[in-house]
Amino acid sequence: RNGDASRVNSSGIIVTEGANLPRINYENGCGSWLLEPQSTNIIPYSTDFSTWLYGSDGFPNNMTRVDGQSSPDGGTNSSLFTRNSGTNGFFGYGNSTVVLGNTYTYSIFIKKGTSSTFQINNVSNSPQSKVIYNIDTDTFTQESNASGKAVNFGDGWYRLSMTYEHTNTNGSVSQVRNYLGDGESMYVFGSQLEEQSFATSYIPTLGASSTRLQDLATGSGNSTLINSTEGVLYAEIAALADGTTNNRISLSYNHQNYVRIAMSNSQISFSVFNNGAYQTNSNYIVSNITDFNKIAVKYKENDFALWVNGTEVRTDTSGLTSFAAPLDHLNFSNANGNNQIFKGKVKLVAVFPILTDAELTCLTKK
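To keep things clear, this report deals only with the structure shown in the data block. Just so you know, these numbers come straight off a predicted model, no measurement behind them.

## Considerations on the overall build of the chain
Each helix and strand counted, the chain has one helix and 28 strands in total. Counting every position in the chain, which comprises 366 residues, the buried fraction comes to 50%. Pairs at least 24 apart in sequence give 66% of the contacts found in the chain among residues at least 6 apart. Of the charged side chains in the chain, 23 are positive and 29 negative; the average position of the first set lies 1 Å away from that of the second.

Here you go:
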């Protein structure tokens, strides 16, 4: 990644990692390698809320803002918003040019003041796309095909996001507004609008939109350490979001010879491709592909198996592993190394000699 990017350190603080350094992310308290696609925060002022829109229905002073509050990045970059009693109050951003029919995700960090409920609207759509989140009950109200998600960042902070399709005219202004109840308050930090179906790591902006480049993991593999006749490819991984895009990890000689794990459409798949033909290829549906799953693929002539979270879920007793040349690459991508790049969270990827069923159960059990 030829550029800076943020991560959550082991103390739960959002920090910046420099170019070409891996991001060990502790968002859920346990470190994992974060590999994300390129994304742009369209909003030019992610923490300077003085530049935002205020008021509604002729009440321009209906929100009180106090800057300099403690924030998830360890500084004092959040603001406390309080809605004045008896007003129709909001604060929001309204200068982002968007495209008709495209999918966007708006996200913001929130912390309870006196209010437990926070509402995000995209008022450009008609009817408005909307999510309402209650911190105390961890529940959502979602309207007009909007979907919400909340991630607990600790110390009372949550990252709330809304994903929606823009249904107004092409090139119109997307007005994303954040509402509070009458007389209620909430701490806010780190506003972000991205043209994609999920929120990625925080991209700070200071007067202009900012782009974080894609993470790539390359250059791994060693034919002397990879058994090309029989073995186990293991991964403890999580997708960033569910969808149709394949996220792949593979052992390969070339695109005609490989052992592969893939994740998409709420399912895990494994395949062995040898000299132009599949030797085994099957899928298994998991309850949540964005949770960490422990996956092991066993490959051996006439003995293939997929293990997920302590259970053998697929087997195949017919197929060859006489590859044209030794497997010598470990790819965070498809076997040819240049497409279906893995985008997700990685705790561990490893290659083992052939293992017994008891060892595979132990290895993959949660």
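## Topic: the packing of aromatic side chains
Under the defined criterion, the tally for this structure stands at 18 aromatic pairs. With a centroid separation of 5.7 Å and 85° between ring planes, the pair formed by Phe49 and Phe81 is classed as edge-to-face. Of this pair, Phe49 sits in the loop between β5 (39-41) and β6 (53-54) while Phe81 sits in strand β8 (residues 78-83), and the two are 32 residues apart along the sequence. What makes Phe49 buried here is its relative accessible area of 1%.

## As for the side chain of Ser264
Structurally, Ser264 can be placed in strand β21 (residues 257-264). Taking the relative accessible area as the measure of exposure, Ser264 reaches 10% and is therefore buried. A distance of 3.1 Å separates a polar atom in the side chain of Ser264 from a polar atom in the side chain of Asn246. Excluding residues that lie within four positions of it along the chain, Ser264 makes contacts with Asp242, Gly243, Thr244, Thr245, Asn246 and Ile289.

## Regarding the pairing of strand β24 (residues 293-299)
Burial within β24 is extensive, with seven of its seven residues counted as buried. Neither face of β24 is open: one carries Asn293, Ile295, Val297 and Tyr299, the other Lys294, Ala296 and Lys298, and all of them are buried. Alignment of strand β19 (residues 231-239) against β24, held across seven bridges, turns out to be antiparallel. Pairing of Ile237 across the sheet is with Asn293, part of β24. Sheet topology places β24 next to strand β25 (residues 304-308); four bridges connect them, and they run antiparallel.

## With respect to the sheet that holds strand β15 (residues 157-165)
The sheet built from six strands is open, its strands ordered β7-β8-β17-β10-β15-β14 with antiparallel pairing. If you trace the sheet from one side to the other, it starts and ends with β7 (63-69) and β14 (147-154), each paired once. When the angles between neighbouring strand axes are averaged without regard to direction, this sheet yields 30°. Note: β8 against strand β17 (residues 185-194), four bridges, orientation antiparallel. From the neighbouring strand, Phe81 faces β17, where its bridge partner is Met186.

## Regarding the sheet that holds β24
What the seven strands build is an open sheet, ordered β3-β4-β28-β19-β24-β25-β26; its pairing is antiparallel. Two strands in the sheet have a free side with no partner beyond their single neighbour: β3 (24-25) and β26 (311-316). Sheet topology note: the strand β4 (residues 32-35)/strand β28 (residues 344-352) ladder contains three bridges and is antiparallel. The residue of β28 that forms the bridge with Trp33 is Val346.

## Things to note about unusual backbone geometry
Cis geometry marks the peptide bond from Ser126 to Pro127; its omega dihedral reads 0°. Tracing the backbone through its elements, the reader meets Pro127 in the loop between β11 (117-122) and β12 (129-134). If you check the backbone angles, Ser144 has positive phi at about 55° while not being a glycine. Inspection of the secondary structure assignment puts Ser144 in the loop between β13 (139-143) and β14. Judged by its relative accessible area of 30%, Ser144 is partly exposed. Positive phi values are uncommon outside glycine, yet Asn265 reaches one of about 50°. Along the chain, the position of Asn265 falls in the loop between β21 and β22 (267-274).

## A few points about the pattern of salt bridges
In the structure shown here, the tally under the stated rule is 12 salt bridges. Glu36 is the salt-bridge partner of Arg23, the closest N and O atoms lying 3.0 Å from each other. Here Glu36 lies in the loop between β4 and β5 and Arg23 lies in the loop between β2 (14-17) and β3, a separation of 13 residues in the sequence. A salt bridge links Lys298 to Asp357, with the shortest nitrogen-to-oxygen separation between them at 4.0 Å. Here Lys298 is found in strand β24, whereas its partner Asp357 is found in helix α1 (residues 357-364), with 59 residues between them in sequence. The class of Lys298 is buried, set by a relative accessible area of 6%.

## What about the pairing of β12?
Two faces belong to every sheet, and in a regular strand the side chains alternate between them. With five of its six residues buried, β12 lies for the most part within the structure. Across six bridges, β11 lies against β12 in antiparallel orientation. What sits directly across from Thr117, in β12, is Asn134. As paired elements, β12 and β13 share five bridges and run antiparallel to each other.

## Notes on the environment of Ala350
On the secondary structure map, Ala350 appears in strand β28. Placed 27 residues apart in sequence, Ala350 and Phe323 show a C-alpha to C-alpha distance of 20 Å. Beyond its immediate chain neighbours, meaning those up to four positions away, Ala350 contacts Val232, Leu233 and Tyr234.

Reading guide: rules and limits
- Residues numbered from 1 in each chain as written.
- Predicted model: local features only at pLDDT ≥ 70, side-chain atom pairs only at ≥ 80, totals over all residues.
- Heavy atoms only, no water.
- Helix = DSSP H or I, 4+ residues; strand = E, 2+ residues; numbered from the N terminus.
- Buried < 20%, exposed > 50% of the residue type's maximum accessible area, 1.4 Å probe, protein only.
- Contact = heavy atoms within 4.5 Å.
- Lys, Arg positive; Asp, Glu negative; His and termini not counted.
- Charge placed at Lys NZ, Arg CZ, Asp CG, Glu CD.
- Phe/Tyr/Trp six-rings, centres within 6.5 Å; stacked < 30°, edge-to-face > 60°.
- Polar contact = N/O pair within 3.5 Å; in protein donor to acceptor, adjacent residues only side chain to side chain.
- Pairing = 2+ DSSP bridges.
- Axes fitted to C-alpha atoms, helices over the stretch in contact; angles between N-to-C directions.
- Salt bridge = Lys/Arg side-chain N within 4 Å of Asp/Glu carboxyl O.

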